[in-house]
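These are the residues of each chain, in order.
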Amino acid sequence: MPDSRDVSAHGGEVHSRRADLLLAVTQTLTVALVIAADPEGTARATPGAYLFAVGFGALALVGRRAPRLVLALTVFCVFAYYALGFPPIGIALPAVAALYRAADVGALRWAVGAGAVLVAVAAWARVAEGLPTTYLLSYELLTNVALVAAAIALGVSVRARREARSSQQRLRALAAAEQAREAEGRLQAERVRIAQDLHDSVGHAMSVIALHGNVAAEAIGRDDEVARRAVEQIGAATSAQLRELRATVKLLRSPMGDAERGAVSLSGLGRLADAAREAGVTVDLDLTVGEGCLDGAIEAAAYRIVQESLTNVIRHSGATRAAVTAGVRGDRLELVIADDGRGSRSGGLSSAGSGQGLVGMRERAAVLGGQLTARRGPAGGFLVHAVLPVRLDP
């Protein structure tokens, strides 16, 4: 498949050739018509004069490639035309195409200089012929200056428009590149978010599995019912984790796959609480969040914060009771997870279990425009307090 830039360049070249051909034909016909009209009745409109008309057009045809050389040759041909005594055609008219093309391709000084030479020579010739100065100033000089200025101004205008279009194309290309970089950044951020999700989810599941594995190991041969229930909990946790891993893989494969992650929401907190209760921690849930009042990313983040917090309670706190409170206060979602365990001696994140998990929760909240603190509770134990926006900024 051809490159779009090659196609565009080829199209631009074809357009330039057509424009040059049209300019050459127009220059030739205009000079030829003035020669045929012979306004001063010289009767010198010979084939040689028309050959000059063709020559002026031919020079215009190659003016884009060598504008300075073409401009110099055009001025020389104008002087040669009059030196051979052909019918007057005006001194600026045969050079209009060359002046325009020189200004169009950026040889503005050459165009102005050539135009000044033509006007000056025409004025000198008219004075030498004995024409009145008033005629020279009121008609001859004014006409030549106007024609030269119009040709140069048109070339400058066309060049300016072309450069403006080129600048706009570059700006669009830069904007497209910037959008591509932003998209890549969003993709990378999404990958980081998924990695955090997997870390939180797998960590929680492994904690539950390890705890119930220990329970089963101690209960075998002593209390088969307890061992059976522990093994069932291990199976349930494993199945749930496998389902989430499959959903994550499906999400990575499909850009429209976020629907499969519906379990990662506040509606899934009941299962987290049940898993913690099976691990020996009584969990009280107090959720006052209306259906659909949170953006999906906010709800998923809230779920992960509660999940990581309960994981730390099970692993490290030695707590027997935890309370999870979630409620909407104006345009903010407030989450509080408190336990009655050993708490944190320093009140910081690093001393409460896996510092990496709690740091990840804090980073997750900050990315969404919220904040999270983790500290020793006022009545002992450990307390995680998160405040998140209910809606992401558009």
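Residues numbered from 1 in each chain as written. Predicted model: local features only at pLDDT ≥ 70, side-chain atom pairs only at ≥ 80, totals over all residues. Heavy atoms only, no water.

For the chain, the name recorded in an unreviewed UniProt entry is histidine kinase, with Geodermatophilus siccatus as its organism. According to UniProt, the comment filed for the chain under the heading Catalytic activity (unreviewed entry) is "ATP + protein L-histidine = ADP + protein N-phospho-L-histidine." (UniProt positions renumbered as here; feature names shortened; annotations may be inferred.)

Asks: Before we go on, may I ask you to explain the environment of Val226 in this structure?
Replies: Along the chain, the position of Val226 falls in helix α7 (residues 224-253). According to the relative accessible area criterion, Val226 is partly exposed, its value standing at 31%. Residues Val226 and Val215, 11 residues apart in the sequence, show an inter-C-alpha distance of 7.8 Å. Residues within four places of Val226 in sequence aside, it is in contact with Val215 and Ala219. (Helix = DSSP H or I, 4+ residues; strand = E, 2+ residues; numbered from the N terminus. Buried < 20%, exposed > 50% of the residue type's maximum accessible area, 1.4 Å probe, protein only. Contact = heavy atoms within 4.5 Å.)

Asks: What should I look at first to understand the nonpolar core in this one?
Replies: Side chains of nonpolar character tend, in soluble globular proteins, to be buried together. Core analysis: the biggest nonpolar cluster contains 36 residues, and Ile305, Val306, Leu310, Leu335, Ile337 and Val384 have the highest contact counts within it. The set of elements that each furnish at least two residues to this core consists of α8 (269-278), α9 (296-317), β2 (321-329), β3 (332-339), α10 (355-367), β4 (371-376) and β5 (382-389). It is α9 that provides the largest number of residues to this core, a total of nine residues. When residues no more than four places from it in sequence are discounted, the contact partners of Val306 are Leu269, Leu272, Val324, Leu335 and Ile337. (Core = buried A, V, L, I, M, F, W, Y, C linked by side-chain atoms within 4.5 Å.)

Asks: I would appreciate a short explanation of the packing of α8 against α9 in the present structure.
Replies: The description of two helices packed together rests on the angle between their axes and the distance between the axes. One can describe the packing of α8 onto α9 by two numbers: an axis separation of 10 Å at closest approach and a directional angle of 5 degrees. In terms of orientation, α8 and α9 fall into the roughly parallel class. Note on element contacts: α9 touches α8 through Tyr303, Val306, Gln307, Leu310 and Ile314, opposite Leu269, Leu272 and Ala276. Here the contact of α8 with α9 is composed, by residue class, of seven nonpolar, one polar and no charged. (Axes fitted to C-alpha atoms, helices over the stretch in contact; angles between N-to-C directions. Parallel < 35°, antiparallel > 145°, perpendicular 65-115°, else oblique. Nonpolar A, V, L, I, M, F, W, Y, C, P; charged D, E, K, R; others polar.)

Asks: What exactly am I supposed to notice about the pattern of salt bridges here?
Replies: Once the charged atoms of two side chains with opposite charge are near each other, the side chains can pair. Here the structure, examined in full by the defined rule, presents eight salt bridges. Close ionic contact of Asp20 with Arg101 constitutes a salt bridge, the shortest N to O distance being 2.8 Å. Here Asp20 is found in helix α1 (residues 4-37), whereas its partner Arg101 is found in helix α4 (residues 96-104), with 81 residues between them in sequence. With relative accessibility at 8%, the residue Asp20 sits in the buried group. Here Arg159 and Glu163 are joined by a salt bridge, their closest N and O atoms 3.2 Å apart. Of the two residues, Arg159 and Glu163 both sit in helix α6 (residues 133-219), four residues apart, roughly one turn of that helix. For Arg159, a relative accessible area of 27% gives the class partly exposed. Linked through salt bridges whose partners overlap, the residues forming this network are Asp20, Arg64, Arg101, Asp104 and Arg162. (Salt bridge = Lys/Arg side-chain N within 4 Å of Asp/Glu carboxyl O.)

Asks: Looking at this model, I keep getting lost on α8. Mind explaining?
Replies: Helical geometry: 3.6 residues make up each α-helical turn, so side chains three or four residues apart lie on a common side. Burial in α8 covers these residues: Leu269, Leu272, Ala273, Ala275 and Ala276. Seen along its axis, α8 keeps its buried residues to an arc of 160 degrees; they face one direction. Immediately beyond the C-terminal end of α8, within one or two residues, lies Gly280, with a positive phi of roughly 100 degrees. (Arc of directions from axis to C-beta.)

Asks: What is the right way to look at a nonpolar patch on the surface in this model?
Replies: Side chains of Leu21, Val25, Leu29, Leu61 and Val62 sit close together on the surface and give an oily, nonpolar patch of about 410 Å² of accessible area. In terms of residue count, the dominant contributor to the nonpolar patch is α1 (three residues). In this fold, Val62 is placed in the loop between α2 (47-61) and α3 (67-83). What makes Val62 partly exposed here is its relative accessible area of 37%. (Patch = residues over 30% accessible without salt bridge, like charges linked within 9 Å, V, L, I, M, F, W, Y side chains within 5 Å. Areas by Shrake-Rupley, 256 points an atom, 1.4 Å probe, with all protein chains shown as cover.)

Asks: I tried to follow the pairing of β4 on my own but got confused; where do I start?
Replies: For a regular strand, side chains alternate in direction, first toward one face of the sheet and then toward the other. Here six bridges tie β4 to β5, and the two strands are oriented antiparallel to one another. In the sheet register, Arg376 faces β5, and the bridge partner there is Phe382. Between β4 and β5, which pair antiparallel in sequence order, lie five residues; one of them, Gly380, sits at a positive phi of approximately 95 degrees. (Pairing = 2+ DSSP bridges.)

Asks: Could you clarify how one ought to interpret the sheet that holds strand β1 (residues 282-288) in this entry?
Replies: Within a sheet, adjacent strands bond to each other through the backbone by hydrogen bonds, running parallel or antiparallel. One open sheet accounts for five strands, arranged β1-β2-β3-β5-β4; its pairing is mixed. The open sheet terminates on both sides in strands that have one partner only, identified here as β1 and β4. On average, adjacent strands in this sheet sit at an angle of 10 degrees to one another, irrespective of strand direction. As judged from the seven bridges shared by β3 and β5, these two strands associate in the antiparallel manner. Looking at β5, one finds that Ala338 is bridged to Leu383. Along the sheet, α9 makes contact with β1, β2, β3, β4 and β5, crossing β3 at roughly 10 degrees.

Asks: Can you walk me through the packing of α4 against helix α5 (residues 108-128) in this structure?
Replies: It is at 7 Å that the axes of α4 and α5 come closest, and there the two elements cross at 155 degrees. Relative to α5, α4 is oriented roughly antiparallel. α4 and α5 meet at a crossing whose hand is left-handed. Between α4 and α5, the residues in contact are Leu99, Ala102 and Ala103 and Leu108, Ala111, Ala114 and Gly115, respectively. For the contact of α4 with α5, the per-class residue count stands at six nonpolar, one polar and no charged. (Left-handed = near helix turned anticlockwise from the far one by under 90°.)

Asks: Looking at this model, I keep getting lost on the packing of aromatic side chains. Mind explaining?
Replies: We describe a pair of aromatic rings using the distance from one ring centre to the other and the angle between the two ring planes. According to the stated counting rule, one finds five aromatic pairs in the structure shown. For the pair Phe52 and Phe56, a centre-to-centre distance of 6.3 Å together with 45 degrees between the ring planes defines the contact as tilted. Taken together, the residues Phe52 and Phe56, both in helix α2 and four residues apart, mark about one turn of the helix. Between the aromatic rings of Phe52 and Tyr81, the centroid separation amounts to 5.5 Å while the plane-to-plane angle is 80 degrees, which identifies the pairing as edge-to-face. On the criterion of sequence distance, the pair formed by Phe52 in helix α2 and Tyr81 in helix α3 is long-range, its members being 29 residues apart. Neither Phe52 nor Tyr81 differs from the other in exposure class; each is buried. (Phe/Tyr/Trp six-rings, centres within 6.5 Å; stacked < 30°, edge-to-face > 60°.)

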